[in-house]
Amino acid sequence: MSAKKDDKPAEATPEPAAEQAQGQAPAQQQVKVNDDNVVASYANFCRVSSTPEELILDLGLNPQPLDPANTEITVGQRVILNHYTAKRLLSALSMALQRHEQAFGVLETDIRKRVVRQQQT
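Residues numbered from 1 in each chain as written. Predicted model: local features only at pLDDT ≥ 70, side-chain atom pairs only at ≥ 80, totals over all residues. Heavy atoms only, no water.

Description of the overall build of the chain
Line of reasoning, step 1. Per the secondary structure count, the chain includes 3 helices and 3 strands.
Line of reasoning, step 2. Element order for the chain, N to C, with α for helix and β for strand: α-β-β-β-α-α.
Line of reasoning, step 3. Buried positions account for 8% of the 121 residues belonging to the chain.
Line of reasoning, step 4. For the chain, contacts bridging at least 24 residues in sequence account for 33% of all contacts bridging at least 6. (Helix = DSSP H or I, 4+ residues; strand = E, 2+ residues; numbered from the N terminus. Buried < 20%, exposed > 50% of the residue type's maximum accessible area, 1.4 Å probe, protein only. Contact = heavy atoms within 4.5 Å.)

This is how it looks when you write it as structure tokens:
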């Protein structure tokens with residue numbers, strides 16, 4: 001990955017203990033994210049598996065969410081995380097979903113409860 005022309009090298013920040021001794025708040029670190037080459041994909045299926053060292057998320061598209069027993073799901077993405085990163089992801093997702101539900105209402109995850117059945121006439 002090449003640096004952009006206007007990117008500056010990271011500056012050294014004083015140790016938090018030294019700042020606190022001087023009565024200053026610790027400096028916040030800023031992380032730059034380069035998403036120029038990101039590939040977006042959609043997933044409505046997730047399988048989670050784990051080893052002692054890592055957590056594995058398989059993401060894919062389920063073309064028949066109402067009949068999963070007779071459907072083959074192709075995994076399109078596999079994300080492998082260490083357990084520390086997985087826990088941070090869990091926390092971030094939980095906070096994002098709480099904000100969404102506060103704004104728009106509770107999300108029902110059971111698709112059978114969300115489907116409106118038509119009455120037979």
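Having seen it, we continue.
Considering the sheet that holds strand β3 (residues 74–81)
Line of reasoning, step 1. Taking strand neighbours across the sheet as the criterion, the 3 strands line up as β1-β2-β3 in an open arrangement whose pairing is antiparallel. Edge positions in the sheet fall to β1 (45–50) and β3, since each of these pairs with one other strand and no more. Ignoring which end each strand starts from, the neighbouring axes of this sheet average 20 degrees apart.
Line of reasoning, step 2. The pairing of β1 with strand β2 (residues 55–61) spans 6 bridges and is classified as antiparallel. (Pairing = 2+ DSSP bridges. Axes fitted to C-alpha atoms, helices over the stretch in contact; angles between N-to-C directions.)

Let's talk about the side chain of D58
Line of reasoning, step 1. Relative to the helices and strands, D58 is located in strand β2.
Line of reasoning, step 2. One polar contact links D58 to R47, side chain to side chain, over a distance of 2.5 Å.
Line of reasoning, step 3. Within the structure, the side chain of D58 is placed 2.5 Å from the side chain of R78, a separation counted as a polar contact.
Line of reasoning, step 4. The residues touching D58, leaving out its near neighbours within four places in the chain, are F45, C46, R47, V75, Q77 and R78. (Polar contact = N/O pair within 3.5 Å; in protein donor to acceptor, adjacent residues only side chain to side chain.)

Structural measurements only, silent on function.
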